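Structural overview
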Amino acid sequence: EKMNSTMSEEPDALSVVNQLRDLAADPLNRRAIVQDQGCLPGLILFLDHPNPPVVHSALLALRYLAECRANREKMKSELGMMLSLQNVIQKTTTPGETKLLASEVYDILQSSNMSDMDNVNEMNYRRRKAQFFLGSTNKRAKTVVLHIDGLDDSSRRNLCEEALLKIKGVISFTFQMAVQRCVVRIRSDLKAEALATAIASTKVMKAQQVVKSESGEEMLVPFQDTPVEVEQNTDLPEYLPEDESPTKEQDKAVSRVGSHPEGAASWLSTAANFLSRSFYW
């Protein structure tokens, strides 16, 4: 029988992990999520999920949470965290972008309590190890900083996020809303122009690249206006047909949540409930 997706009914794993990812994207929520009893263990369990998009989304949530320095020690010592990240990196069936994202999160947490020098050595060692697991086909990742005209609220951020997630070769991204920026990690064989094309496809935003001049000053460089052929990410599932899509109402809920920490708290308890019912029976 056809299920009508409403907030009151059982949410599926992907919608729960996507909501956690959206909450984690807002710096105001990051401490609360890691302090919550159920969310971190839930995200760790999502790393073993059979559905690749669930794993990728959980990693993006963890990547956001790890940006907050105060969270790193607790995340690193959380039961199963480092082991699950290693499993994702070593599993032969894990898509390349997901492996790179997992090793990025692993590096951040692994180096959380070291001095800077130890840090550099450890990161290099990990990177070599990750390279080994990833095989020689996976060239190194690179970072592109975008200035995005029109990136001024959470619904625009969601649009931007959706556009970037569809590009094959995007590993992770971090928004700096206050300065209308997005820092994107991509596979080194992906052209940065593809990001601009994807963002332009939203019709409401336009991207320029932020580069440093030789004197260390930042400059904005416009991308060429010729659209680049963007390879779609085939690992992600097709979206549900419009009438079955649970995201319409939930997106509204999430964008409201972002600006009200107390809303986030109530949503967190819903997520934690779902997680405990799903995993701990």
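Note that the structure is a prediction, hence the values are computed from the model and not measured.

Moving on, we come to the state of the cysteines. Here is the idea: a disulfide is a covalent bond, and it sits between the sulfur atoms of two cysteines. Using the criterion set out here, one finds 0 disulfides in the structure. Note on C160: no disulfide assigned, nearest cysteine sulfur contributed by C182 at a separation of 5.2 Å. Here C160 falls in the buried class, since its relative accessible area comes to 0%. The class of C182 is buried, set by a relative accessible area of 0%.

Time to look at the pattern of salt bridges. Applying the stated criterion across every chain, the model contains 11 salt bridges. Of the charged contacts in the structure, one is a salt bridge between E104 and R63, with a shortest N-O distance of 2.7 Å. Taken as a pair, E104 in helix α7 (residues 96–110) and R63 in helix α4 (residues 52–67) lie far apart in primary sequence, 41 residues in all. For the pair shown, E104 and R63 are each scored as buried. Where E218 meets K212, a salt bridge forms, and the shortest distance between an N and an O atom there is 3.8 Å. Overlapping salt bridges, with partners in common, bring together R30, R63, E67, E104 and R185 in one network.

Turning to the sheet that holds strand β2 (residues 170–176), a few remarks are in order. Pairing is antiparallel in the open sheet, where 5 strands are placed in the order β2-β3-β1-β4-β5. Every other strand in the sheet has two partners, leaving β2 and β5 (218–222) as the edge strands with one partner each. Across the sheet, the mean angle separating the axes of adjacent strands is 35 degrees when strand polarity is ignored. Across 6 bridges, β2 lies against strand β3 (residues 181–187) in antiparallel orientation.

Glancing now at the pairing of β3. Within β3, 6 of the 7 residues are buried, which leaves the element mostly enclosed by the surrounding structure. With antiparallel pairing between neighbouring strands as the criterion, β2 and β3 make up a hairpin whose turn holds 4 residues, including Q180 at a positive phi of roughly 55 degrees.

One finds F173 and L195 to be the most contacted residues of the largest nonpolar core, which totals 64 residues. Considering each element in turn, this core owes the most residues, 10 residues, to α4. Shared between two domains, this core takes at least three residues from each, and those domains are domain 1 (11–110) and domain 2 (139–220). In contact with L195, not counting residues within four places along its chain, are V144, L146, L164, I167, V170, V184, I186 and L190.

A word on unusual backbone geometry. Residue Q180 is not a glycine yet carries a positive backbone phi of 55 degrees. Tracing the chain through its elements places Q180 in the loop between β2 and β3. What makes Q180 partly exposed here is its relative accessible area of 22%. Phi is positive for K203, which is not a glycine, with a value near 70 degrees. Its place among the elements puts K203 in the loop between α10 (193–200) and β4 (206–212). The class for K203 is exposed, based on a relative accessible area of 73%.

Each value, and the rule that gives it
- Residues numbered from 1 in each chain as written.
- Predicted model: local features only at pLDDT ≥ 70, side-chain atom pairs only at ≥ 80, totals over all residues.
- Heavy atoms only, no water.
- Disulfide = S-S within 2.5 Å.
- Buried < 20%, exposed > 50% of the residue type's maximum accessible area, 1.4 Å probe, protein only.
- Salt bridge = Lys/Arg side-chain N within 4 Å of Asp/Glu carboxyl O.
- Helix = DSSP H or I, 4+ residues; strand = E, 2+ residues; numbered from the N terminus.
- Pairing = 2+ DSSP bridges.
- Axes fitted to C-alpha atoms, helices over the stretch in contact; angles between N-to-C directions.
- Core = buried A, V, L, I, M, F, W, Y, C linked by side-chain atoms within 4.5 Å.
- Domains from an automatic or database assignment.
- Contact = heavy atoms within 4.5 Å.

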